[in-house]
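# An overview of the molecular structure
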Amino acid sequence: MSTVGQDRPDLLAMLPEEVDALFLDIGLPRYRSAQVVEWLYVHGARSFDEMTNLPKSLRETLSKDLTITNLQTLKVAVSRDRTKKFLFGLTDGAAIETVLLPEGERSTACISTQVGCAFGCLFCASGAGGLARNLTAGEIVDQARKAKFDADAGRLTNIVVMGMGEPLANYEATTKAVRIFLHERGLALGGRRITISTAGFVPGIRRLAADDLPVRVALSLHAADNRTRNKLMPINRKYPLEQVIDSCTELGRRRTPLTLEYMLIFEINDSFDDAARLADIAHALKAKVNLIPYNPVPGGRYRAPSEERVLRFQARLREAGVLAFIRRSRGTDIDAACGQLRQSASREGHG
Ligand code: SAH
């Protein structure tokens, strides 16, 4: 429940009813916790000091016994397409990334769940240095708050858990944060507006399938046969496609439709045969497919296919009766793909 290096309970890691219970425990009336929770999720308060309808003495007591995670903004980059990327510093000196994707008056936040990643997918910058640690629920929740209360956010309507890390490998903190996003006294978002993206961590998928969270799930498939997937995503050697597909079938029993993310890499996974195999998996899982042209990372060994090749791959899927969309990378001028800002910041000596 506490943040790293602190033993005071973190309010951002608690459901509103847990804050109520804690306040009752320390002898405070229910309306006080109602006020505090409202400060956190309606007004975006970063400290008890900002909660001006609480008596000063109470604010002082609360800040002695409790904490509110407050990520430090180390760097902000804004892209020509309005994509805004934040590099946040944690109390132990680590840094994580959060991306705000504005679209008209609304926006989506893309949030991280781990410092680094243990999975080491060959195309991804986040896992290049391995896993440092899991984020706490409070650190995950504060990313969404920082995005929601950013001046450029408009109305934050969607959250995608697709930043650094594997969310289902940090299951407790991630699902706790998601419950706060869904809570009517929290961010009050609908389950269809929250997407958890997984590289195919089967124990996590099975746990989520048994859980009651009404969120969307995206599977980062990226290859439709074990040989290719083993090469791109080492996690596939431990949990091969058959198991991944099987666990996703369990997910399908709950009403949320599955999305398959498929990154197209030139001459690695973008052939006609790949499209046919992908179509079979999409049909088996009743999933739609998002095609993402590979976004080259510094020092990376892969290339993105041409526009024409991407369109042909999509056409092949559509001919096979699969719902397939092409997703353009956003913010490429500001290193907005996974782990790239942190990577370039550490080259510049930040984190
Ligand atoms: N671990 C989770 C969530 C984080 S990665 C997962 O794997 O889904 C979020 C998405 O970005 C994944 O689909 C991932 O494969 C993709 N991604 C990573 N590096 C990329 C790159 N260089 N170009 C395009 N997409 C990339």
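Predicted model, so just to flag it, every value in this text is computed and none were measured.

Criteria and cut-off values
- Along each chain, residues carry numbers from 1 onward, in the same order as the chain's sequence is written.
- Two thresholds apply to this predicted model, a pLDDT of at least 70 for residue-level local features and 80 or more for giving and counting side-chain atom pairs, whereas whole-chain, interface and lining totals are computed over all residues.
- Side-chain measures were taken over the full set of non-hydrogen atoms in the model, leaving aside hydrogen atoms and water.
- What goes into a patch is any residue over 30% in relative accessible area without a salt bridge, connected to like charges within 9 Å or, for nonpolar side chains (Val, Leu, Ile, Met, Phe, Trp, Tyr), within 5 Å.
- A 1.4 Å probe and the Shrake-Rupley method give the accessible areas. Residues count as covered only by the protein chains that appear here.
- A side-chain nitrogen of Lys or Arg and a carboxyl oxygen of Asp or Glu constitute a salt bridge if their distance falls within 4 Å.
- His is not counted, nor are the chain ends; Lys and Arg add positive charge and Asp and Glu add negative charge.
- A single reference atom marks each charge: NZ on Lys, CZ on Arg, CG on Asp, CD on Glu.
- Strands here are runs of E lasting at least two residues and helices are runs of H or I lasting at least four, both read from the DSSP assignment and numbered beginning at the N terminus.
- Think of it in three bands: with a 1.4 Å probe and only protein chains considered, a residue is buried below 20% of the maximum accessible area for its type, exposed above 50%, and partly exposed in between.
- One heavy atom within 4 Å of a molecule or strand makes the whole residue count as near it.
- Counting of polar contacts relies on pairs of N or O atoms within 3.5 Å, with two restrictions inside protein: one atom must be capable of donating a hydrogen and the other of accepting it, and residues adjacent in sequence are counted only when both atoms are side-chain atoms.
- Three classes are used: nonpolar for Ala, Val, Leu, Ile, Met, Phe, Trp, Tyr, Cys and Pro, charged for Asp, Glu, Lys and Arg, and polar for all others, with Gly counted as polar.
- Any two strands between which DSSP finds at least two bridges are classified as paired.
- The span you would expect from a helix comes to 1.5 Å times its residue count less one.
- What makes two residues a contact is simply this: any of their non-hydrogen atoms within 4.5 Å.

### Some words on a positive patch on the surface
A contiguous patch of positive charge on the surface is contributed by Arg-106, Arg-155, Arg-192 and Arg-193. Looking at where Arg-193 falls in the secondary structure, it is placed in the loop between α5 (171–182) and β8 (194–198). The class of Arg-193 is partly exposed, set by a relative accessible area of 33%.

### Focus: the site of the ligand
What surrounds the ligand is a group of 17 residues, the closest being Gly-165, Ser-197, Ser-220, His-222 and Asn-295. One nitrogen or oxygen atom from the main chain of Gly-165 is found 3.0 Å from a nitrogen atom belonging to the ligand. Relative to its unbound accessible surface of 540 Å², the ligand loses 91% to contact with the protein. Residue composition of the shell around the ligand, grouped by class: nine nonpolar, seven polar and one charged.

### Observations concerning the pairing of strand β4 (residues 106–110)
Counting buried positions along β4 yields four of five residues, so the element is predominantly enclosed. In terms of strand pairing, strand β3 (residues 95–103) meets β4 through five bridges, oriented antiparallel. Across the sheet, Leu-100 pairs through a bridge with Ala-109, a residue of β4. Examined bridge by bridge, β4 and strand β7 (residues 155–161) share five bridges and lie parallel to one another. The residue of β7 that forms the bridge with Ser-107 is Leu-156.

### Points about helix α10 (residues 272–285)
For an α-helix, 3.6 residues make a turn, and residues three or four places apart therefore share a direction. Taking 1.5 Å as the rise per residue, α10 with 14 residues should run 20 Å; its terminal C-alpha atoms sit 20 Å apart, in good agreement. Buried positions along α10 lie against α9 (241–252), β10 (258–264), β11 (288–293) and α11 (307–319). Where α10 begins, one side-chain oxygen reaches toward the backbone nitrogen of Asp-273, 3.3 Å away; that side chain belongs to Ser-271. Immediately downstream of α10, the backbone of Lys-286 shows phi near 50°, a positive value.

### Comments concerning the pairing of strand β1 (residues 72–78)
Moving residue by residue along a regular strand, the side chains alternate between the two faces of the sheet. Direction of pairing for β1 relative to strand β2 (residues 84–89): antiparallel, over a ladder of six bridges. Counterpart to Gln-72 in the pairing with β2 is Gly-89. Counting the residues that bridge the hairpin from β1 to β2 gives five residues, and of these Arg-82 lies at a positive phi of roughly 80°.

### Here's the deal with the side chain of Ser-197
Within the secondary structure layout, Ser-197 lies in strand β8. Ser-197 gets classed as buried once you look at its relative accessible area, which sits at 10%. Side chain to side chain, Ser-197 and Ser-220 meet in a polar contact 3.5 Å long. Apart from the residues lying within four places of it in its own chain, the contact partners of Ser-197 are Val-161, Met-162, Glu-166, Pro-167, Ala-218 and Ser-220.

### Considering unusual backbone geometry
In this structure, His-222 is a non-glycine residue whose phi angle is positive, near 65°. Locating His-222 in the fold gives a position in the loop between β9 (216–220) and α7 (226–232). Exposure remark for His-222: the relative accessible area of 6% places this residue in the buried category. In this structure, Glu-267 is a non-glycine residue whose phi angle is positive, near 60°. Structurally, the position occupied by Glu-267 is in the loop between β10 and α10.

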